[in-house]
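The chain contents come next:
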There are 2 protein chains.
Amino acid sequence: MTSFPAALSPSSSSSPARGGIAAAAIRRLTALTPLDDADLRLLDTAADRALTYPLRHAFQTIGRPMADPLLVLQGWAARVRILPDGRRQFMSFYLPGDIIGPAHHEQPIATATVVALTECLACPAPTGPAGSGLAQAYAVSEALDEAYLLGRVVQLGRLNAQERIGDFLLEIYERLSLAGLTVGGSFEMPLTQEMLADALGLTPVHVNRMIQQARRDGDLMWKSGRVLLRDPERTARTIGRVSPQVTGTQTMAQASAG
Amino acid sequence: MTSFPAALSPSSSSSPARGGIAAAAIRRLTALTPLDDADLRLLDTAADRALTYPLRHAFQTIGRPMADPLLVLQGWAARVRILPDGRRQFMSFYLPGDIIGPAHHEQPIATATVVALTECLACPAPTGPAGSGLAQAYAVSEALDEAYLLGRVVQLGRLNAQERIGDFLLEIYERLSLAGLTVGGSFEMPLTQEMLADALGLTPVHVNRMIQQARRDGDLMWKSGRVLLRDPERTARTIGRVSPQVTGTQTMAQASAG
DNA sequence: CGAGGTTTTGATGGAGGTCAAACCCCGTGG
DNA sequence: CCACGGGGTTTGACCTCCATCAAAACCTCG
């Protein structure tokens with residue numbers, strides 16, 4: 001519910017100790033579609049131009065001209081809308097390997113505000129030639145983006161609080177897995193319960209109670225910014241979650257590769 | 001909540017009494033961006049190949065290969081998801097002048113099921129050369145599509161029942177206005193209250209109560225498939241609705257025209 | 001140690017869900 | 001012309017999930 005105060009500007013602390021700052025992002029993109037050496041080289045050089053963006057940085061502002069697409073290397077960002085009376089809703093999240101902005105088709109005016117939820121490392125998304133693996137990866141990424149947005153509509157419209165939390169954590173888990181950012185069912189969760197509430201259309205208080213219940217039921221651990229899902233498969237089954245990527249993505253990449 | 005029984009197949013009753021069957025769609029597209037004669041000719045010839053699709057026809061099915069993009073000429077369709085236990089959620093609506101399917105970027109697998117909510121008239125969306133008004137119109141249309149989807153997330157996440165109904169009707173009103181399908185604040189509404197409920201994440205019963213309240217408050221008339229908004233502007237103000245098109249679209253077309 | 005953000009707990013209320021029946025509207029057909 | 005039927009709308013009684021308000025407890029970091 002708290003609205004964001006004025007944001008700082010990106011600090012151009014260009015990669016100090018490089019090495020694998022783009023590793024997660026590259027893992028995700030290659031998971032979406034095979035990338036060849038040319039693609040990887042493009043990514044590497046793009047990563048050299050990575051910048052660190054502070055917490056709350058506004059990557060885009062609704063109604064303002066859209067910036068060039070950015071590839072997130074580290075950190076989380078989100079599309080957010082704040083209503084006149086202060087109500088806040090997060091609409092989608094950007095994780096390492098995601099593209100902020102119009103990957104493909106032009107779209108001069110931003111339809112949403114995108115803010116950094118953590119300190120973020122991001123670089124300009126390198127554009128591969130048409131038909132390249134990179135272009136393909138962006139296409140799949142964008143399709144996934146929309147699929148998740150559709151999923152969010154169902155989540156908010158028809159799932160109860162418990163289901164929403166489970167569904168959300170599963171989505172994050174699956175997405176971070178692609179980037180290799182999970183360790184046996186556990187992953188880093190920089191969101192506060194309040195932010196989670198604003199993503200799920202609930203109150204922080206109620207989110208908290210439901211999380212505790214999930215803990216008591218042995219479905220969940222959540223401590224100091226780290227979440228562990230005890231049995232993702234089972235949770236997914238009990239709330240009837242269908243994940244776009246597991247089935248969808250693979251097939252998507254294959255189908256358009258052939 | 002009722003799930004759709006098996007659907008019939010499209011009847012190829014190709015335009016019997018033509019004349020302006022594509023009029024609404026063309027009005028909408030020209031409202032999005034200026035179209036020249038070549039564009040209009042493409043649209044006209046495409047309209048010759050229009051088909052009538054029966055109620056409940058599945059234009060696309062989730063997980064199945066995606067059909068070629070269709071331009072809706074008459075009738076309503078919607079993206080829908082049905083949960084295993086029967087809960088239903090409409091995610092977005094297609095009105096005359098909207099494109100069902102991937103206007104631009106490829107995307108082989110459908111991420112959602114699209115069904116006809118009324119009998120629909122639709123034709124293959126003619127593809128204009130890159131940079132043509134038609135291509136431009138599709139781009140804007142697609143951007144609007146996403147903007148509406150984002151709006152729906154906010155609606156479901158943070159608006160109460162009254163606000164949701166108002167917001168929804170305003171959205172429809174605005175969109176139909178573009179296609180010239182409104183008459184002084186009133187327009188045809190083929191949805192039942194049950195469908196409306198499944199779009200707004202509510203129960204039919206509660207939708208009904210809220211509508212009656214709106215009627216009592218003099219905000220609304222709804223009779224035999226026709227809705228009249230007494231004072232759209234005021235309603236929009238009281239629920240703090242921001243419409244993407246009024247501000248957004250115009251600017252979008254202009255910005256990318258220049 | 002203290003301060004500020006975050007999580008947790010309790011008590012209470014209200015928006016919206018559920019169940020069930022009645023009503024209405026219209027088209028069908030006898 | 002009226003009975004019949006079926007989908008949609010309306011109404012009522014009751015209940016529950018989640019919101020609200022407020023305070024306490026807990027971290028974490030300076």
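Scoring rules and cut-offs
Residues numbered from 1 in each chain as written. Chains lettered and ligands numbered in written order. Predicted model: local features only at pLDDT ≥ 70, side-chain atom pairs only at ≥ 80, totals over all residues. Heavy atoms only, no water. Near = heavy atom within 4 Å. Polar contact = N/O pair within 3.5 Å; in protein donor to acceptor, adjacent residues only side chain to side chain. Helix = DSSP H or I, 4+ residues; strand = E, 2+ residues; numbered from the N terminus. Pairing = 2+ DSSP bridges. Axes fitted to C-alpha atoms, helices over the stretch in contact; angles between N-to-C directions. Contact = heavy atoms within 4.5 Å. Buried area = accessible area lost by both parts, 1.4 Å probe. Salt bridge = Lys/Arg side-chain N within 4 Å of Asp/Glu carboxyl O. pLDDT = per-residue confidence, 0-100. Buried < 20%, exposed > 50% of the residue type's maximum accessible area, 1.4 Å probe, protein only. Nonpolar A, V, L, I, M, F, W, Y, C, P; charged D, E, K, R; others polar. Expected span 1.5 Å × (residues − 1). Arc of directions from axis to C-beta. Phe/Tyr/Trp six-rings, centres within 6.5 Å; stacked < 30°, edge-to-face > 60°. Parallel < 35°, antiparallel > 145°, perpendicular 65-115°, else oblique. Least-squares fit on C-alpha atoms with pLDDT ≥ 70 in both.

Considerations on the protein's contact with DNA strand C
Around DNA strand C sit 15 residues, and of these A:Gln193, A:Asn208, A:Gln212, A:Arg215 and B:Thr203 come closest. Sugar and phosphate atoms represent 74% of those atoms of DNA strand C found within 4 Å of the protein. Within the contact set of DNA strand C, a phosphate oxygen lies 2.4 Å away from a side-chain nitrogen or oxygen of A:Asn208. Here a base nitrogen of DNA strand C sits 3.0 Å away from a polar atom, N or O, in the side chain of A:Arg209. The set of elements that each furnish at least two residues to the surface near DNA strand C consists of helix H6 (204-216) of chain A together with helix H6 (204-216) of chain B. If one sorts the elements of the surface near DNA strand C by residue count, H6(A) sits on top with five residues.

Side note on the sheet that holds strand E5 (residues 88-94) of chain A
Residue and element names in this part refer to chain A. Strand order in the open sheet formed by four strands is E2-E7-E4-E5, and the pairing between neighbours is antiparallel. For this open sheet the edge positions go to strand E2 (58-60) and E5, each flanked by a neighbour on one side alone. Pairs of neighbouring strands in the sheet enclose a mean axial angle of 35°, with direction left out of account. Bridge count between strand E4 (residues 77-82) and strand E7 (residues 113-116): four bridges; the pairing is antiparallel. Directly across from Ala78, in E7, lies its bridge partner Val115. Set on the sheet, helix H3 (residues 133-158) makes contact with E4 and E5; between it and E5 the angle comes to about 145°.

Topic: the sheet that holds strand E7 (residues 113-116) of chain B
Residue and element names in this part refer to chain B. The sheet built from four strands is open, its strands ordered E2-E7-E4-E5 with antiparallel pairing. At either margin of the open sheet sits one strand with a lone partner, and together these are strand E2 (58-60) and strand E5 (88-94). Neighbour-to-neighbour, the strand axes of the sheet open up by a mean angle of 35°, direction not taken into account.

Focus: the interface of chain A and chain B
Many authors give the size of an interface as the accessible area that is lost as the parts come together. Tallying the contact residues gives 42 residues for chain A and 43 residues for chain B. When the two sides are added together, the surface that chain A and chain B hide from each other amounts to roughly 3,600 Å², 68% of it contributed by carbon and sulfur. It is A:Leu150, A:Val153 and A:Arg158 in chain A that bury the most area against chain B; as a group they hold 21% of the surface buried on that side. A salt bridge links A:Arg79 to B:Glu146; the shortest N-O distance between them is 3.2 Å.

Here's the deal with the confidence of the model for chain A
Residues and elements named next belong to chain A. Summarising the model, chain A shows a mean pLDDT of 87, and 85% of its residues fall at 70 or more. Long-range and interchain partners of residues 1-7, a stretch whose pLDDT sits below 50, account for 18 contacts in this model, where long-range means more than four residues apart. Of the regions scoring below 50 in pLDDT, residues 246-258 engages in 15 contacts with residues more than four places distant in sequence or in other chains.

Comments concerning unusual backbone geometry
The phi angle of most residues is negative, glycine excepted, and most peptide bonds adopt the trans form. With a phi angle near 75°, A:Arg56 is a residue other than glycine that sits in the positive phi range. Given a relative accessible area of 32%, A:Arg56 falls into the partly exposed group. Even without being a glycine, B:Ser224 presents a positive backbone phi close to 40°. In this fold, B:Ser224 is placed in the loop between strand E11 (220-223) and strand E12 (226-229).

Describing the protein's contact with DNA strand D
Around DNA strand D, the surrounding shell holds 16 residues, and the nearest of these are A:Thr203, B:Gln193, B:Asn208, B:Gln212 and B:Arg215. For DNA strand D, the fraction of protein-proximal atoms (within 4 Å) that sit in sugar or phosphate groups is 76%. Between A:Thr203 and DNA strand D, the recorded distance is 2.3 Å, taken from a side-chain N or O atom to a phosphate oxygen. Those elements that provide at least two residues to the surface near DNA strand D are H6 of chain A together with H6 of chain B. The element contributing the most residues to the surface near DNA strand D is H6(B), with five residues. Residue composition of the surface near DNA strand D, grouped by class: four nonpolar, nine polar and three charged.

Section: helix H2 (residues 37-48) of chain B
Residue and element names in this part refer to chain B. Between its terminal C-alpha atoms H2 stretches 17 Å, which fits the 16 Å expected from 12 residues at 1.5 Å a residue. The set of residues buried in H2 consists of Asp39, Leu43, Ala46 and Ala47. The buried residues of H2 all sit within an arc of 100° when viewed along its axis, so they share a single face. Pointing more than 90 degrees away from the buried face of H2 are the exposed residues Asp37 and Arg41. Of the residues flanking the start of H2, the one acting as N-cap is Asp36, its side-chain oxygen 3.2 Å from the backbone nitrogen of Ala38.

Let's talk about the packing of aromatic side chains
Two aromatic rings, taken as a pair, are described by how far apart their centres are and by the angle between their planes. On inspection of all chains with the given rule, the structure shows 10 aromatic pairs over all chains. For the ring pair A:Phe90 and A:Phe93, a centre distance of 5.8 Å and an interplane angle of 45° mean the geometry is tilted. An angle of 70° between the planes, with centres 6.3 Å apart, marks the rings of B:Trp76 and B:Phe93 as edge-to-face. Of this pair, B:Trp76 sits in the loop between strand E3 (70-74) and strand E4 (77-82) while B:Phe93 sits in strand E5, and the two are 17 residues apart along the sequence.

Focus: the packing of helix H5 (residues 193-200) of chain A against H6(A)
The axes of two packed helices give the description: the angle between them and the distance between them. All names here are of chain A. Remark: H5 packs on H6, axes separated minimally by 8 Å, with the N-to-C direction vectors making an angle of 105°. If you check the angle between H5 and H6, you find them roughly perpendicular. Counted together, Gln193, Glu194, Leu196 and Ala197 of H5 and Pro204, Val207, Asn208 and Ile211 of H6 form the full contact between these two elements. Among the residues making up the contact of H5 with H6, the classes are represented as five nonpolar, two polar and one charged.

Considering the relation of the copies chain A and chain B
When chain A is fitted to chain B, the best match, at an RMSD of 0.0 Å, comes from turning it 180° and sliding it 0.0 Å along the axis. Seen this way, the second copy is the image of the first under a two-fold rotation axis.

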